[in-house]
Amino acid sequence: MAATSEKQNSTKPPPSPSPLRNSKFCQSNMRILISGGAGFIGSHLVDKLMENEKNEVIVADNYFTGSKENLKKWIGHSRFELIRHDVTEPLLIEVDRIYHLACPASPIFYKYNPVKTIKTNVIGTLNMLGLAKRVGARILLTSTSEVYGDPLIHPQPESYWGNVNPIGVRSCYDEGKRVAETLMFDYHRQHGIEIRIARIFNTYGPRMNIDDGRVVSNFIAQALRGEALTVQKPGTQTRSFCYVSDMVDGLIRLMEGDDTGPINIGNPGEFTMVELAETVKELINPSIEIKMVENTPDDPRQRKPDISKAKEVLGWEPKVKLREGLPLMEEDFRLRLNVPKN
Ligand SMILES: NC(=O)c1ccc[n+]([C@@H]2O[C@H](COP(=O)([O-])OP(=O)(O)OC[C@H]3O[C@@H](n4cnc5c(N)ncnc54)[C@H](O)[C@@H]3O)[C@@H](O)[C@H]2O)c1
Ligand SMILES: O=C(O)[C@H]1O[C@H](OP(=O)(O)OP(=O)(O)OC[C@H]2O[C@@H](n3ccc(=O)[nH]c3=O)[C@H](O)[C@@H]2O)[C@H](O)[C@@H](O)[C@@H]1O
């Protein structure tokens, strides 16, 4: 356990906003960039932010794991812009807020090209911070519960420094995000940038890639295809699953609140992978089997957020229970897999 961010607050005021922000050409009150906005969480964030007519939303995404399909209802909208852009390259635009989500999130995808994952986390975050500094924008990083590694404290408060393997196959992601958090605080202390850090815990919902590899999408797709649910051994490892609308609500509250974070955003309801498989089986396809398969290295054995800080500072807590969220995701997967309900 160690000191939290409150003690590390900046002494410098944030830089002045770009003069262009108030120019007559700026048509809306708030210009918001979402890096990684074509992905799962990002596209839901776009939907929510576009509900406010004073927001203009710009998405920058390289489509590694995201797609235009997720944003199709906004393409052509006068307050929406989509840019094919890789965050490892600099981006020069005028914005007031930056939600920096760009990074593959499923272990299968982030391990596919680990060097690129590190570059996305380090160079990508540097580029987004450079942009924030140049235009005086506030920036939010979507960090992860993986910064706690295989945690030795349960549940995990923000003050826990974690138990992370620096040279393992997950390190490109968890150490990458840890460096990204460091960069955020260094820019905050050194340049006065307004930062927000969310530590996101496993999030699920409609629009996850069907063959994404993450456990909830795997189980739902397997149940609908009539395949056995693949529980990775030992099956007693736990996760806490947050429905995506709760996550988006938490991220917006964090961005518009006064606390830098890091703040855990997740649902504290904790399940073993066997329990999750049994729940999916019961809700979606009681006739399928559950089979035990080999696991991957360094899989965290337990994970559950302590959300006291989110409750206190953001007035936030999740509303959607797992048994309510799974059927909403099932509906979306049925449509995309073309498996009608009997
Ligand atoms: N979903 C979760 O459970 C979870 C948990 C913890 C943290 N997070 C974080 O939240 C963010 C979004 O996760 P998600 O679940 O929506 O994942 P996702 O893979 O659906 O979305 C990531 C998006 O980033 C884009 N991207 C990847 N590399 C890029 C690059 N170099 N340049 C530009 N775009 C790039 C992808 O194409 C995709 O659209 C990520 O930063 C992830 O680390 C997610
Ligand atoms: O919340 C987080 O911070 C992290 O959570 C996930 O990482 P992980 O929990 O390992 O995600 P999954 O791949 O969904 O695995 C969850 C558990 O399910 C198990 N699993 C996975 C897939 C499967 O088919 N069966 C199965 O039992 C894994 O062994 C693991 O124990 C995300 O993918 C990360 O992007 C995110 O940062």
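So, here's what we can say about the structure.

Cut-offs and rules
- Residues numbered from 1 in each chain as written.
- Chains lettered and ligands numbered in written order.
- Predicted model: local features only at pLDDT ≥ 70, side-chain atom pairs only at ≥ 80, totals over all residues.
- Heavy atoms only, no water.
- Core = buried A, V, L, I, M, F, W, Y, C linked by side-chain atoms within 4.5 Å.
- Buried < 20%, exposed > 50% of the residue type's maximum accessible area, 1.4 Å probe, protein only.
- Contact = heavy atoms within 4.5 Å.
- Helix = DSSP H or I, 4+ residues; strand = E, 2+ residues; numbered from the N terminus.
- Polar contact = N/O pair within 3.5 Å; in protein donor to acceptor, adjacent residues only side chain to side chain.
- Near = heavy atom within 4 Å.
- Areas by Shrake-Rupley, 256 points an atom, 1.4 Å probe, with all protein chains shown as cover.
- Nonpolar A, V, L, I, M, F, W, Y, C, P; charged D, E, K, R; others polar.
- Axes fitted to C-alpha atoms, helices over the stretch in contact; angles between N-to-C directions.
- Parallel < 35°, antiparallel > 145°, perpendicular 65-115°, else oblique.
- Left-handed = near helix turned anticlockwise from the far one by under 90°.
- Salt bridge = Lys/Arg side-chain N within 4 Å of Asp/Glu carboxyl O.

Quick word on the nonpolar core
Grouped together as the largest cluster of nonpolar side chains are 57 residues, with contacts concentrated most on Ile-34, Val-46, Tyr-99, Tyr-204 and Ile-265. Leave out the neighbours within four places in its chain, and Tyr-204 touches Phe-40, Val-216, Phe-241, Cys-242, Tyr-243, Val-244, Lys-321, Leu-322, Gly-325, Leu-326 and Met-329. With 25 residues, the next largest nonpolar core counts Val-87, Ile-93, Leu-129 and Leu-141 among its residues.

Notes on the side chain of Thr-88
Within the secondary structure, Thr-88 is located in the loop between strand E3 (80-84) and strand E4 (97-100). Polar side-chain contacts of Thr-88 include one of 2.7 Å to the side chain of Asp-86. Residues in contact with Thr-88, not counting those within four places in the same chain, are Lys-116, Lys-119, Thr-120, Ile-123, Gly-124 and Asn-127.

So, the site of ligand 1
Taken together, 30 residues lie near ligand 1, and Ile-41, Asp-61, Thr-65, Leu-101 and Tyr-173 sit nearest. In the complex, the protein chains occlude 97% of the 820 Å² of accessible area that ligand 1 would expose alone. Per-element tally for the shell around ligand 1: the top contributor is strand E5 (residues 138-144), with three residues. Considering only residue class, the shell around ligand 1 consists of 13 nonpolar, twelve polar and five charged.

Some words on the packing of helix H7 (residues 273-284) against helix H9 (residues 322-337)
Here H7 crosses H9 at 60°, and the two axes come no closer than 11 Å. Considered as vectors, H7 and H9 are oriented oblique to each other. Remark: the crossing between H7 and H9 carries right-handed chirality. Within the contact between the two elements, H7 uses Leu-276, Thr-279, Val-280, Glu-282, Leu-283 and Ile-284 and H9 uses Leu-322, Arg-323, Leu-326, Glu-330 and Arg-334. Partitioning the contact of H7 with H9 into residue classes produces six nonpolar, one polar and four charged.

Notes on the pattern of salt bridges
One pass over the full model with this rule turns up 26 salt bridges. A salt bridge links Arg-225 to Asp-211, with the shortest nitrogen-to-oxygen separation between them at 3.1 Å. Of this pair, Arg-225 sits in helix H5 (residues 215-225) while Asp-211 sits in the loop between strand E7 (203-204) and H5, placing them 14 residues apart in sequence. We classify Arg-225 as partly exposed; its relative accessible area is 38%.

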